[in-house]
Protein chains: 2
Amino acid sequence: MATRDTGLPMRIPPQEGAPLPDRVDIWEVGARDGLQNEPATVDLDVKLEFLDRLASAGLRTLEATSFVHPKWVPQLADAEALLERLDRRAGVRYPVLVPNERGLERALTAGVDSIAVFASATESFARRNLNRGMAEQYAMFEPIVSRARAEGLAVRGYLSMCFGDPWEGPVPVDQVVAAGRRLRDMGCWQLSLGDTVGVATPGHVEAVIGAFETAGVPTESIAVHFHDTYGQALANTLAALRCGVSTVDASAGGLGGCPYAKSATGNLATEDLVWLLDGLGVDHGVDLDALVGTSVWLAGRLGRPSPSRTVTALGTTASSGG
Amino acid sequence: MATRDTGLPMRIPPQEGAPLPDRVDIWEVGARDGLQNEPATVDLDVKLEFLDRLASAGLRTLEATSFVHPKWVPQLADAEALLERLDRRAGVRYPVLVPNERGLERALTAGVDSIAVFASATESFARRNLNRGMAEQYAMFEPIVSRARAEGLAVRGYLSMCFGDPWEGPVPVDQVVAAGRRLRDMGCWQLSLGDTVGVATPGHVEAVIGAFETAGVPTESIAVHFHDTYGQALANTLAALRCGVSTVDASAGGLGGCPYAKSATGNLATEDLVWLLDGLGVDHGVDLDALVGTSVWLAGRLGRPSPSRTVTALGTTASSGG
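Residues numbered from 1 in each chain as written. Chains lettered and ligands numbered in written order. Predicted model: local features only at pLDDT ≥ 70, side-chain atom pairs only at ≥ 80, totals over all residues. Heavy atoms only, no water.

**Regarding the overall build of chain A**
- Scanning chain A from N- to C-terminus turns up twelve helices and eleven strands.
- Taken over C-alpha atoms, the radius of gyration comes to 19 Å for chain A, in line with the 20 Å a tight globule of 322 residues would show.
- Classification of the 322 residues of chain A by burial places 62% in the buried group.
- A separation threshold of at least 6 residues defines the contact pool for chain A, and within that pool the share at least 24 residues apart is 75%.
- Charged side chains of chain A number 28 positive and 39 negative; the gap between the two group centres comes to 4 Å. (Helix = DSSP H or I, 4+ residues; strand = E, 2+ residues; numbered from the N terminus. Rg over C-alpha atoms; globule rule 2.2 N^0.38 Å. Buried < 20%, exposed > 50% of the residue type's maximum accessible area, 1.4 Å probe, protein only. Contact = heavy atoms within 4.5 Å. Lys, Arg positive; Asp, Glu negative; His and termini not counted. Charge placed at Lys NZ, Arg CZ, Asp CG, Glu CD.)

Right under this line is the structure:
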């Protein structure tokens, strides 16, 4: 009988249970969605090291920055400089957020090959976040997606407020599906369904994904983006995985939040997701210790601890190497 | 179009999805499992108010205290005084933990009608926690359960380290089932399967519950007790609910931890569980705002914030009434 009392990372062999995808692609949003919500702007050198560490930890999709106007998101005003200095790794994608035509110009000049647009599933949030209604948001995004595709770029469509909206309350599933289909019809290869304020629960997640499937949008083209405001992010992720979703957005250390929802805490922490996938025997390619070390290192730069449970649990050991 | 920007509790109508129990009984362990892990002993008046507020919030099973020797758990040394002063509500059960024969004597003298014994699924933890091996733990508990039942008491059996053990690593499912059956054969009406260090993931949960079912232990007699060390508690709970489990242990505000696992954080927060159940349309009888108000109030007494995401999100409003 072993008697090591590590009190520490005990990894249990996978126990699969109900059907799941063989592999999950983690779309790491920490450098964009995480850092854009930080009260202070993070130094460019720190951002570059953060992206480099994430790639070393095995993440293969790193949303790097955003070309939103610096007036709105000063935290990411260094987008051009970041992309110029970024040491791109083979096999790693570095998509950037593009809010409008001016953003697309900047992205094309910077030589990116993968972008994301950010649409709303509700009229209220479209007006708050984009300063235009839903019909107008499509009119704005259509030429962007069309031009980007003509230039050979892959375009992801974020759809925010897919479950609840703080101004409108619960969002009808049909409305979400209609908005998602508009993005697909424009040419977005993937939809990221966002629970922007974190109010969703697993049955609701199953209903929305099922409605997309019924409407002819294949589950392979769906990603999920959960916030942990009410502690539901990982349970919702499990529900999505059981539906066959195989792309999950997450943020190293649980960085980020929603500036438009007072109570919205961070994104699903990548580390907590990796713990889940390891336990379920789902391949993902990430070295958990290296990732935790990265989040502990970044937390030191930001001056406050990570909200991720897994980072908290493993951080003491992992940080010693970081 | 409504335009209230509450940034606050938006409750979404239930979306059930896959099959679930109609009702979940929440076994609230905050006053025992939570407070026994607090560094400082909480005043008896605060404990009594805590229990009273939990009952007012609609919780119907409140594990009130423990008759463990005060040398080991000084935080609960006031068990007799607490039970003497406790204002028992009609329809509310107040089980207490009983570690040994002396504890049973004290419980009987105090007039309790429901107890729980705390066994281990591993040899190492039995020796650490009970100072005896697994065979000896059964020998110790058998006369306690027998006498308690003869006195008309209901006896629950906690089984700890059902998934991983910090000294032994992953715990074989067969070993867990064998230990659980021993407790059932003794006369425990319910088994609470504990992930004491918080390492379980949902497929593992399904495997353990399925193995009990195969071994003839009905799922109706199974409860689950998850810790959120790696952020998995609510996802594991969802997996258990999908298996048909309808009793879930939780701790108001996520109070508690495991003193034998350095990295083990608190129990599943009752508030996060209630948010899940509300979203799934599963009945539970708890008033979430009253419960959040209780956790905010207790956090003030303990001098630190609740780790529950839901308490953090709703706490500002709820506390104004508390």
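**Thoughts on unusual backbone geometry**
Residue and element names in this part refer to chain A.
- The phi torsion at Asn 131 lies on the positive side, around 60°, for a residue other than glycine.
- Following the sequence through the fold, Asn 131 ends up in the loop between helix H5 (123–130) and helix H6 (134–150).
- Overall, Asn 131 belongs to the exposed group, its relative accessible area being 69%.
- Despite not being glycine, Met 161 shows a phi value in the positive range, around 60°.
- Looking at the secondary structure, you find Met 161 in the loop between strand E6 (154–160) and strand E7 (164–165).
- On the basis of relative accessible area, Met 161 is assigned to the buried category, the value being 0%.

**Comments concerning the pairing of strand E10 (residues 222–226) of chain A**
Residue and element names in this part refer to chain A.
- Burial of E10 is extensive: five of the five residues sit out of reach of the surface.
- Neither face of E10 is open: one carries Ile 222, Val 224 and Phe 226, the other Ala 223 and His 225, and all of them are buried.
- Here five bridges tie strand E9 (residues 190–195) to E10, and the two strands are oriented parallel to one another. Looking across to E10, one finds that Asp 195 is bridged to Phe 226.
- The parallel pair E9 and E10 is bridged by helix H8 (residues 202–214), and the resulting crossover is right-handed.
- As defined by bridge partners, E10 adjoins strand E11 (residues 247–250) across two bridges and the pair is classed as parallel. Looking across to E11, one finds that Ala 223 is bridged to Thr 247.
- Taking the sense of rotation as the criterion, the β-α-β connection linking E10, helix H9 (residues 233–242) and E11 turns out right-handed. (Pairing = 2+ DSSP bridges. Right-handed = clockwise from strand over helix to strand, strands pointing away.)

**Regarding the nonpolar core**
- Ranked by internal contacts, the top residues of the largest apolar core, which has 210 residues, are Ile115(A) and Ile115(B).
- The residues contacting Ile115(A), other than those within four sequence positions of it, are Val96(A), Val98(A), Leu104(A), Ala107(A), Ile144(A), Ala148(A), Leu153(A), Ala154(A), Val155(A) and Arg156(A). (Core = buried A, V, L, I, M, F, W, Y, C linked by side-chain atoms within 4.5 Å.)

**A short note on the confidence of the model for chain A**
- In this model, chain A carries a mean pLDDT of 91, and residues with pLDDT of at least 70 account for 91%.
- For the stretch residues 318–322 of chain A, pLDDT sits under 50, and the model shows five contacts to residues farther than four places along the chain or on other chains. (pLDDT = per-residue confidence, 0-100.)

**A word on the packing of H8(A) against H9(A)**
Residues and elements named next belong to chain A.
- Look at H8 against H9: their axes get within 8 Å of each other, and the N-to-C directions meet at 35°. Like other packed secondary-structure pairs, H8 and H9 cross with a definite hand, here right-handed. Only Ala 235, Asn 236, Ala 239 and Ala 240 of H9 make contact with H8, whose side of the interface consists of Pro 202, Val 205, Glu 206 and Ile 209.
- For the contact of H8 with H9, the class distribution of residues is six nonpolar, one polar and one charged. (Axes fitted to C-alpha atoms, helices over the stretch in contact; angles between N-to-C directions. Left-handed = near helix turned anticlockwise from the far one by under 90°. Nonpolar A, V, L, I, M, F, W, Y, C, P; charged D, E, K, R; others polar.)

**Focus: H9(A)**
- Most of H9(A) is tucked away: nine of the ten residues are buried.
- Once H9(A) ends, the next one or two residues include Gly244(A), with phi positive near 105°.

**Overview of the sheet that holds E10(A)**
Residue and element names in this part refer to chain A.
- Within the open sheet, the nine strands sit side by side as E2-E1-E11-E10-E9-E6-E5-E4-E3. Their pairing is parallel. Lying at the two open borders of the sheet, with one neighbouring strand each, are strand E2 (61–62) and strand E3 (65–66).
- Pairing between strand E1 (residues 25–28) and E11: four bridges, direction parallel. When the sheet's bridge partners are listed, Asp 25 is paired in E11 with Thr 247.

**A few points about the packing of aromatic side chains**
- Throughout the structure, instances matching the rule amount to eight aromatic pairs over all chains.
- When the centroid spacing of 3.7 Å and the interplanar angle of 5° are considered together, the rings of Tyr230(A) and Trp275(B) count as stacked. Of this pair, Tyr230(A) sits in the loop between E10 and H9 while Trp275(B) is found in helix H10 (residues 270–280), placing the two residues in two different chains. Trp275(B) shares its class with Tyr230(A); the two are buried. (Phe/Tyr/Trp six-rings, centres within 6.5 Å; stacked < 30°, edge-to-face > 60°.)

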